[in-house]
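So you can see what is in the structure, the chains are spelled out below.
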Amino acid sequence: MIPAQELGILRRAESPPAMHEEAQHENQLPRGAAWRGLGAACVLGGLFVGWGFGHPWAAPAVSEHGLQLDGALQNLGRWMGLALCLALAALGFALGLGWKPKLERGAEWALALFVIAMVGLCAVQLQRLPAPVRSSSEAYEVEIIGQQFEWSVRYPGPDGVLGRVQAQLVHVNRNPAGLDAADPAAMDDVWRRQVLWLPLGEPCVLRLRSLDVLHSFNVEDFRIRREVLPGYPRALSFTPTQAGVFEMSCAALCGLGHYRMSGKIIVAPRDELEQWLAKQEPWL
Amino acid sequence: MIARLKRVLFPAASEGIGLLYLGLAMVMGVVGGALAVLIRTHLSSTGEAGLLKPETYLSVVTMHGSIMIFGVVMPALFAGIAALALPRALDRGKLAWHGLLLLSFWLALLAQLVFVASMFLEAGASGAGWTAMPPLSALEAQLWDGQDLWMIAVGLACLAYLFVALVVARSCQAAGASKTLLVHSYRFAAWLGLASFPVMLLALGMLALDRHAGASFFMPAGIVVNDSSLAHAGGMPFLFRAMFLHPGHPSLMILVLPALGVALEIMEANSKTPLFGERSSLLAMGVMCLASLVQWGADLYGASSQPYGLPAPSFLAFFVLAGLLLVGANLGCNLLRCGPRPRLELHFVLAMVVTIACAVLGGLWLAAQAPSERMHGSYFAVGHLHFLFGLLSLLAIFAALHHWFPLVVGRRMDEGLGRLHFWLTFGSFLGVFLLMQFQGSSGLLRRYWQHSQYEFASLGQDLAPIITGLTYLGAGAQALFFLNLVSSVWLGEATKRTETP
């Protein structure tokens, strides 16, 4: 019995239809042309991939590390695409011209070493790319507070020091940031929704914290994205290089309003920033 | 009649359980694919509100991911093909512990029923993403009883596949000394399953305690929701990430290693000479297995989720990528030997080689620290993960079904229809996920109900209609496969050999 009958899927009393020899496939394409065609297709594919990984899909970066990162990634993408194309082209055309590769034991380990070397080379280059770096102590410091479903910003007031916060003190109207009135440094802190002012060309430190669930502070133009946890504040440093208005968003699923945690970032020279800050009222 | 039903539903042979799993996977594949089409339709729908409400959209996204992983690829590739092909590969009549394998199928089926049932709840299914990160998933007030059902379903599925891993590991161990690469790949996958599924069950249990018993495994002090401070204290949210990634990465290898094993087996069955790169492929798969077991630590640091500012030892991900690329290169070298009119399964293997190349390329970006911070949470990650354990495993499943169809039915599936299905499937899904990676490079973020509020990812948003069109094409092409499958049972070309040679 054929297996299907054994398993009870097909029940036929009669014997299976007569077996016949495998049909002889006609060689419709000569072998060489097939390989050359495949090689050409792979070359086009490699070009497309190289173009895609090297193409600047996002608006130009406006932070120091972002410019370096973009440049390095695009170069790497283009070189990888080019290398892939050349390798596949060489392979396809060599095979098309009748080269028969001798695939034996030595070639196996040579290929293995080659692959490991390629991945290792890419890995080393990629690991050297700049991430948002730790900044000096004179960096401009603000606190970003994430909550469902908006970002808010706490600026240190004229004393230049961010005051202490406690989560238990958070109240939506009276004390949205949870500032501790017992701390004198907290008395002059300014709290604003969804608007972040940053000084142009100066290193900035963002202190990130969340009031409820996991968020991720994301500014595509600065090329920064950092997860924001409740209970574990963390810092993110970078330097904006261009004045303008940019968008902030949330990049970690935080609930129903995840898509609308937007905000505005204004990068301006330091004196304009100080002027704006002087006009804001502290929370008390 | 009853006896026949009993023989099908409680089969005496391992192959029968394999067919049950494959049938389950096909049904859930229709469900998961329909959800994907729904997602793309919503994202391309014009107008203020879009097709779905925000909570519905998040539920659809969550269910698509969960069902595809736990209800399509795992049953088909890890359980189904194992039960179907391993008995012959191991030269034994049945896999070990037949009753346990049968129980695992019924648990897996129950898990899928719970998934589907959760979609009919009034408050909707879980909307926390298939990764279900706390504190969001631990907030009982916010999340939807669908979250509890989701946890039950995932728990049942993990239990089922844990049993499958036990059966496969035991069967492979008891077999003789000489094992094919297929057997090795399933053995590695089974070990990974044994190491990872219990941790997943533990994490789900701890999450359940956080949700309902006031425990604080993952909830730190000071969480304020709806203007009231929650009573939890002392937990760490990134502990769940660690506990999820510890089984998470091996689970991905459970989806990838059998796919590679199937490809290698198909190459071996289709060539007269010994397989090129047998030893290096075995080494590569072993390295992938080991590296994925410890990758959770690297990923924890690398994904910027730890607050201590430590540098990321993400080189472990590079080991996995190197191993994957090596197996792909070996497969490619073996393909060089095939004739000008290769069989259909070899088309799928070639497509898998291309998919491996794309997965490795994207994976390099996501493994290194600096680019990964930019890419996680965007469509780049979505495209990459679909390449790695969506498209690769899907191609392997199709190839395996073509390859082992004669074993079950004694006939071959139709080549012409199969070729058409292959080109439509591979072409469209390759385009979909490559374009998604480009979307991610433009900054388009995932799990967003709408992107229209932001301007920064406009180039990526322009690509969305193309992706949607290709998705429709790819999803529709699967009808061809079902047509081929069903019609070949009665109309296929009969063959004496039990595997297409």
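The coordinates are above.
Residues numbered from 1 in each chain as written. Chains lettered and ligands numbered in written order. Predicted model: local features only at pLDDT ≥ 70, side-chain atom pairs only at ≥ 80, totals over all residues. Heavy atoms only, no water.

A. Structural view of the interface of chain B and chain A. Facing the 111 residues of chain B at the interface are 91 residues of chain A. When chain B packs against chain A, close to 8,400 Å² is buried across both sides, 67% of that on carbon and sulfur atoms. Between A:Arg226 and B:Glu373 there is a salt bridge whose closest N-O contact spans 2.8 Å. Run the count over chain B and chain A and you get 13 residue pairs in polar contact (both at pLDDT 80 or more). Top contributing element to the side of chain B that touches chain A by residue count: helix α9 (residues 315–335) of chain B, with eight residues. Taken together, the residues of the side of chain B that touches chain A break down into 62 nonpolar, 28 polar and 21 charged. (Contact = heavy atoms within 4.5 Å. Buried area = accessible area lost by both parts, 1.4 Å probe. Salt bridge = Lys/Arg side-chain N within 4 Å of Asp/Glu carboxyl O. Polar contact = N/O pair within 3.5 Å; in protein donor to acceptor, adjacent residues only side chain to side chain. Helix = DSSP H or I, 4+ residues; strand = E, 2+ residues; numbered from the N terminus. Nonpolar A, V, L, I, M, F, W, Y, C, P; charged D, E, K, R; others polar.)

B. Molecular detail of the sheet that holds strand β1 (residues 140–147) of chain A. Residue and element names in this part refer to chain A. Strands sit in the order β3-β2-β1-β5-β8 across an open sheet of five strands; the sheet is mixed. A strand with exactly one partner marks an edge of an open sheet, and here the two such strands are β3 (190–193) and β8 (234–238). Sheet twist, expressed as the mean angle between neighbouring strand axes with direction ignored, is 25°. Across four bridges, the pairing between strand β2 (residues 150–155) and β3 is antiparallel. When the bridges of β3 are listed, tyrosine 155 appears paired with valine 190. Relative to the sheet, helix α5 (residues 270–279) contacts β1, β2 and β3, its axis offset from that of β1 by approximately 55°. (Pairing = 2+ DSSP bridges. Axes fitted to C-alpha atoms, helices over the stretch in contact; angles between N-to-C directions.)

C. Representation of the side chain of B:His64 in the model. On the secondary structure map, B:His64 appears in helix α3 (residues 54–89). Discounting chain neighbours no more than four positions away, the residues touching B:His64 are B:Gly32, B:Leu35, B:Ala36, B:Ile39 and B:His386.

D. Molecular detail of the state of the cysteines. Residues and elements named next belong to chain A. Within this structure, the stated rule accounts for zero disulfides over all chains. Looking at cysteine 42, it has no disulfide partner, and the nearest cysteine sulfur is the one in cysteine 85, 9.4 Å off. Cysteine 250 supplies the cysteine sulfur nearest to cysteine 254, a cysteine that is in no disulfide, at a spacing of 3.8 Å. For cysteine 254, a relative accessible area of 0% gives the class buried. (Disulfide = S-S within 2.5 Å. Buried < 20%, exposed > 50% of the residue type's maximum accessible area, 1.4 Å probe, protein only.)

By themselves, these observations are geometric and do not establish any function.
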